[in-house]
Amino acid sequence: MDFQDTLRHQGLRKILVEGIRIKGIRDEKVLAAMGKVPRHLFMDSSFTQFAYKDQAFPIGAGQTISQPYTVGVQTQLLQVERFDKILEVGTGSGYQAAILLEMGASVYTIERQRELYLKTQSILPQIGYHPKFFYGDGYKGLPTYGPFDKIIITAGAPAVPEELLAQLKVGGRMVIPMGPREKQTMYVVVKTSETEYYKESHGTFIFVPMLKGIDK
Ligand code: SAH
């Protein structure tokens, strides 16, 4: 694979980031990270020419790399701080994980599709990104590695997964698209005590579904 990040790629990326700023992403740390991560290296070769369009694209196994604007929204809502310990459900291409790493977080990412898990685990370190990769069911989370400061779910869930809420620190935030398969509402869930939380909604999005169990 060719891991070049040419001036042309960098120029297209700058335009993409300015477009996302206009659409409402105002957190400079998020925009800076999106300006650094070479999205074209996270996509199948047949789609790399579209890497700097603000669109989702297929990444194999019936899954997609999220639209950059959506990545911007989720990352901004997560309020990432340096050294945050973050759990991501749905590794996919690894693009979202790279953005979080670029912001100084330590990232634990779970994928249920074996093919994607293996592919991304081998490619991401070659681009310079080192999250901790796990093959498993994101509904279960990573009880032995928690609790986490933040949790980000990158697939559409039917409801707040209780096991994940239990792995969130008090004061921590979970960003999760929830709703029926056709469309979901973006929620921030803030855990206020061991037994309580509140949630805020932030617009409508379309994600691939968060599925139970693993896929061999
Ligand atoms: N964050 C990814 C987005 C990938 S799409 C990126 O930046 O490219 C969502 C991913 O969630 C898919 O790869 C899908 O296989 C995965 N997924 C769905 N349900 C899951 C679950 N229960 N546990 C772990 N991963 C899951």
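Residue positions are counted from 1 within each chain, in the order its sequence is given. With pLDDT at 70 or above as the cut-off, local features in this predicted model cover only qualifying residues; side-chain atom pairs require 80 or more to be listed or tallied, and sums for whole chains, interfaces and linings still use all residues. Just so you know, side-chain values use all the structure's heavy atoms and leave hydrogens and water out.

Visitor: Please clarify how the side chain of Arg13 should be interpreted in this entry.
Guide: Structurally, Arg13 is set in helix α1 (residues 7–22). Engagement of the side chain of Arg13 in a polar contact is seen with the side chain of Tyr52, the distance being 3.0 Å. Whether two residues touch is decided by their heavy atoms; if any such pair falls within 4.5 Å, the residues are in contact. Leave out the neighbours within four places in its chain, and Arg13 touches Asp5, Met34, Gly35, Lys36, Val37, Pro38, His40 and Tyr52. Counting from the N terminus, the helices are DSSP H or I runs at least four residues long and the strands are E runs at least two residues long. Residues adjacent in sequence count toward polar contacts only when both atoms are side-chain atoms; beyond that, a polar contact is any pair of N or O atoms within 3.5 Å, and within protein one must be able to donate a hydrogen and the other to accept it.

Visitor: In this structure, what is going on with the pairing of strand β8 (residues 184–191)? I would like to understand it.
Guide: Looking along a regular strand, one sees the side chains alternate between the two faces of the sheet. The buried label applies to any residue whose accessible area, calculated with a 1.4 Å probe on protein chains only, is under 20% of its type's maximum; exposed applies above 50%, and partly exposed to all values in between. The buried fraction of β8 amounts to 6 of the 8 residues, a majority that puts the element mostly inside the structure. Strand pairing is assigned whenever DSSP detects at least two bridges linking the two strands. As paired elements, strand β7 (residues 168–178) and β8 share 6 bridges and run antiparallel to each other. By the bridge assignment for β8, Met174 is matched with Val189. Between β7 and β8, which pair antiparallel and follow one another directly, the connecting turn spans 5 residues, one of which, Gly179, has a positive phi of 150°. Here β8 runs beside strand β9 (residues 197–205); their pairing, made up of 7 bridges, is antiparallel. Each bridged residue has a counterpart across the sheet, and for Thr185 the counterpart in β9 is Thr204. Between β8 and the antiparallel strand that follows it, β9, lie 5 residues.

Visitor: Explain the site of the ligand here, please?
Guide: Being near a molecule or strand, for a residue, comes down to having at least one heavy atom within 4 Å of it. Residues in contact with the ligand amount to 28 residues; listed here are only the nearest, Gly90, Ser93, Glu111, Gly138 and Leu211. Here a nitrogen atom of the ligand and a backbone polar atom of Arg112 are 3.4 Å apart. With respect to the ligand, the backbone of Leu211 contributes an N or O atom lying 2.6 Å from a nitrogen atom. Across the complex, the protein chains shield 99% of the 580 Å² of accessible surface that the ligand would expose by itself. Both cavities and pockets are sets of points on a 1 Å grid over the protein atoms alone; in a cavity a 1.4 Å probe fits but cannot get out, in a pocket the set is open with protein on both sides within 12 Å along at least five of seven lines, and lining residues sit with an atom within 4 Å of a point. Occupancy of a cavity or pocket is assigned to a molecule whenever over half of its atoms lie within 2 Å of that pocket's grid points. When each cavity is represented as a set of grid points, the ligand is found to reside in the largest pocket. At the level of elements, β2 (63–65), β3 (85–89), α4 (95–102) and β4 (106–111) are the ones that each hand at least two residues to the shell around the ligand. Side-chain classes follow a simple rule in which Ala, Val, Leu, Ile, Met, Phe, Trp, Tyr, Cys and Pro form the nonpolar group, Asp, Glu, Lys and Arg form the charged group, and the remainder, Gly included, forms the polar group. Within the shell around the ligand, the residues separate by chemical class into 11 nonpolar, 13 polar and 4 charged. For every accessible area listed, the method is Shrake-Rupley and the probe measures 1.4 Å; residues are considered covered only by the protein chains on display.

Honestly, that's just the spatial picture; any functional story needs more than this.
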